[in-house]
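Now for the letters of each chain:
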Amino acid sequence: IYLRDRSTEKNLKNTGLDNYTNIHFATHGLIDDEEPDRSSLVLADEKDSGEDGYLKASEIFDLNFNADLVVLSACQTGLGKLIRGEGMVGLTRAFMYAGTPSVVVSLWSVSDMSTASLMGEFYKNLIKDKLSKTDALRKAQLTMITSEKYSHPFYWAPFILIGDWR
C-alpha cells in the first residue's frame, strides 16, 4: 500500500505489479480528450526520480499487470476519446492492454466521501462475500441507494465495470 508521499510513479513502476490480484487507485484522474494517451492518474511527485508524478495512459500501456481487477477510484476515469475503428481510447483501454481484464471506472466527477463508502461496500462484497465483480458493484450501489446520505445517483451511479464481469 502506497499512501500520500509514497504513492509515486517510481514506487509503482518498481513494484511487481504482476503479483497482485486487485489494484486500487484512489487519486485524481486527468482526462485529455484531444490526446487520450496523455490522460493520467495523479501520483505524488518525487524529486530527482526522473518521473513527473503523472501516470499517463501511454506509460500504462508499457506496464505489465496480472491483476484480475483494477479500480480507478478517481474522477472521469472511464472517459476518453472515441476514435473510429478503435473505440474509446483512454485510461481504461491502457489498463486492459497492460493485462487487466476488468477495470472499474467513473463516468463523471465523484465525491470523496461517498466514493469511500461505495468502495468499502464493493470490496466487502467482492472479498468477504465472494461475489462476482459485477454483483459486488451492483450490491454496493444498491446499499448506497438505500442510504439516507448517498441515495442520489450522483453518489453511486458514476462507477461502472468494463471488461470481464466474473
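Residues numbered from 1 in each chain as written. Predicted model: local features only at pLDDT ≥ 70, side-chain atom pairs only at ≥ 80, totals over all residues. Heavy atoms only, no water.

*Asks:* Got a minute to help me understand the sheet that holds strand E4 (residues 54–56) in this structure?
*Replies:* One open sheet holds the three strands; their spatial order is E2-E3-E4, and the pairing between them is antiparallel. Every other strand in the sheet has two partners, leaving strand E2 (28–30) and E4 as the edge strands with one partner each. Each strand axis lies, on average, 25° off the axis of its neighbour in the sheet, ignoring direction. Where strand E3 (residues 40–42) lies against E4, three bridges are found, and the strand directions are antiparallel. From the neighbouring strand, Leu-41 faces E4, where its bridge partner is Leu-55. (Pairing = 2+ DSSP bridges. Helix = DSSP H or I, 4+ residues; strand = E, 2+ residues; numbered from the N terminus. Axes fitted to C-alpha atoms, helices over the stretch in contact; angles between N-to-C directions.)

*Asks:* Any chance you could explain helix H5 (residues 133–146) here in plain terms?
*Replies:* In an α-helix there are 3.6 residues to a turn, and that puts residues three or four apart on one side. With 14 residues, H5 ought to run about 20 Å at 1.5 Å a step, and its terminal C-alpha atoms sit 20 Å apart, in line with that. Inspection of H5 places Lys-133, Ala-136, Leu-137, Ala-140, Gln-141 and Met-144 among the buried residues, and these make up the whole buried set. In an axial view of H5, the angular spread of the buried residues amounts to 130°, which keeps them on one side of the axis. Opposite the buried face of H5, by more than 90 degrees, sit the exposed residues Arg-138 and Thr-146. Residues of H5 that are buried make contact with strand E5 (69–73), strand E8 (102–106), helix H4 (112–128), helix H6 (153–156) and strand E9 (159–163). (Expected span 1.5 Å × (residues − 1). Buried < 20%, exposed > 50% of the residue type's maximum accessible area, 1.4 Å probe, protein only. Arc of directions from axis to C-beta. Contact = heavy atoms within 4.5 Å.)

*Asks:* Sorry if this is basic, but what is going on with the pairing of E5 here?
*Replies:* Within a regular strand, side chains alternate between the sheet's two faces. Burial of E5 is extensive: five of the five residues sit out of reach of the surface. Of the two faces of E5, the one lined by Leu-69, Val-71 and Ser-73 and the one lined by Val-70 and Leu-72 are each fully buried. Bridge count for strand E1 (residues 22–26) against E5 is five bridges, and the pairing is parallel. Note that in E5 the partner of Ile-23 across the bridge is Val-70. By the bridge criterion, two bridges tie E5 to E8 in an arrangement that is parallel. In the strand pairing of E8, Val-71 is matched with Val-104.

*Asks:* When you look at the sheet that holds E5 in this model, what are you seeing that I'm missing?
*Replies:* By definition, the strands of a sheet pair up through backbone hydrogen bonds, in either a parallel or an antiparallel sense. Spatially, E1-E5-E8-E9 is the arrangement adopted by the four strands of the open sheet, whose pairing is mixed. Edge positions in the sheet fall to E1 and E9, since each has one partner strand and no second. Strand-to-strand, the axes of this sheet are offset by a mean angle of 15°, without reference to chain direction. Along the sheet face, H4 touches E1, E5, E8 and E9 and points at about 165° away from the line of E5.

This is a description of form; function is not addressed.
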